[in-house]
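Residues per chain, in single letters:
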Amino acid sequence: MLVSKAESSEKTETELRYEKFRRQHIARTDMAAKKCDSEIRGKQIYNTDNTCKPTNTFILDNPTNIKLICQGEGDLNAGTGLTRSRNTFKIIVCELKSGERKPRCQYEGSLLTNRYVAVRCENNLPVHFDRDIMNFGG
């Protein structure tokens, strides 16, 4: 059976959802909290109606390390369907300070360290960022 090049290169729904997750929630490890505006604008992170998202969180790590959460390096909560990372990450939380619609969205960022993250996984890929969880140690 022959498969056309277009058919063989089509991405699955899960792969498309992972790419959106990666674009919206994974940033370079050297991203600064003051770069929320340029990062969100550059990655086109808005609600579907082009309004500003009230908050957006970036995980500062290599995408491979974040995928591991869904590939055996996380703990699934059967009640919520979310998987919590076993490792902690640095994150930047960008909160909307002014503006309602793009391109007028202005954010203030906060760098948080030592945070677990909770994500929804599909087919061993993270597809939704739910929240961060403070590590109390112990």
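Keep in mind that this is a model prediction, so the values were computed, not measured.

A. Quick look at the state of the cysteines. For the structure on display, the rule yields three disulfides. Paired by a disulfide, C36 and C94 hold their sulfur atoms 2.0 Å apart. Judged by the sign of its S-S torsion, about -75°, the bond between C36 and C94 is left-handed. Here C94 lies in strand β5 (residues 89-98) and C36 lies in helix α3 (residues 36-42), a separation of 58 residues in the sequence. Assigned by exposure class, C36 and C94 land together as buried. Sulfur-sulfur distance for the disulfide between C70 and C121 comes to 2.0 Å. Disulfide C70 to C121: torsion about the S-S bond roughly -75°, handedness left-handed. One end of the pair, C70, is in the loop between α4 (63-67) and β3 (74-77); the other, C121, is in strand β6 (residues 106-122), and 51 residues separate them in sequence. C121 sits in the partly exposed class, given a relative accessible area of 24%.

B. Quick peek at the nonpolar core. Counting residues in hydrophobic clusters, the biggest one holds 14 residues, and the most contacted among them are F21, I59, I66, F89, V117 and V119. When residues of this core are traced back to their parent elements, those giving at least two are α2 (13-25), β5, β6 and β7 (125-134). The dominant element in this core, judged by the number of residues it contributes, is β5, at three residues. The contact partners of V117, leaving out residues within four places of it in the chain, are I59, I69, T83, R84, S85, F89, I91, F129, R131 and D132. Membership of the second largest hydrophobic core comes to 13 residues, among which are M31, Y46, C52 and L60.

C. Focus on the UniProt feature "domain: Ribonuclease A-domain" (unreviewed entry) in the chain. Feature annotation in UniProt assigns "domain: Ribonuclease A-domain" (unreviewed entry) to the following positions: residues 14-133. Each end of residues 14-133 is marked by a C-alpha atom, and these two atoms are 25 Å apart; helix forms 20% of the span and strand 43%.

D. Quick look at the pairing of β7. Bridging between β6 and β7 involves eight bridges; their strand directions are antiparallel. What sits directly across from A118, in β7, is R131.

E. Inspection of the packing of aromatic side chains at higher detail. Tallied over the entire structure, the rule returns zero aromatic pairs. One residue, R84, lies across the ring of Y116, its end atom 4.0 Å from the ring centre.

F. Fine view of the pattern of salt bridges. As enumerated under the stated definition, the model contains seven salt bridges in all. Across the pair R86 and D75 runs a salt bridge whose closest N-O atoms are separated by 3.0 Å. Linking R86 in the loop between β4 (82-85) and β5 with D75 in strand β3, this pair joins segments that are 11 residues apart in sequence. On the accessibility criterion, R86 (40% relative accessible area) is partly exposed. Taking the relative accessible area as the measure of exposure, D75 reaches 35% and is therefore partly exposed.

G. Representation of α2 in the model. Between the first and last C-alpha of α2 there are 18 Å, a value that for 13 residues agrees with the 18 Å anticipated at 1.5 Å per step. Taken together, the buried positions of α2 are occupied by T14, Y18, F21, Q24 and H25. Summarising the axial view, the buried residues of α2 lie within an arc of 135°, below the 170-degree limit, and thus occupy one face. Against β1 (26-27), β2 (55-60), α4, β6 and β7 lie the buried residues of α2.

Definitions and limits used
Residues numbered from 1 in each chain as written. Predicted model: local features only at pLDDT ≥ 70, side-chain atom pairs only at ≥ 80, totals over all residues. Heavy atoms only, no water. Disulfide = S-S within 2.5 Å. Helix = DSSP H or I, 4+ residues; strand = E, 2+ residues; numbered from the N terminus. Buried < 20%, exposed > 50% of the residue type's maximum accessible area, 1.4 Å probe, protein only. Core = buried A, V, L, I, M, F, W, Y, C linked by side-chain atoms within 4.5 Å. Contact = heavy atoms within 4.5 Å. UniProt positions renumbered as here; feature names shortened; annotations may be inferred. Pairing = 2+ DSSP bridges. Phe/Tyr/Trp six-rings, centres within 6.5 Å; stacked < 30°, edge-to-face > 60°. Lys NZ or Arg CZ within 6 Å of the ring centre and 35° of its normal. Salt bridge = Lys/Arg side-chain N within 4 Å of Asp/Glu carboxyl O. Expected span 1.5 Å × (residues − 1). Arc of directions from axis to C-beta.

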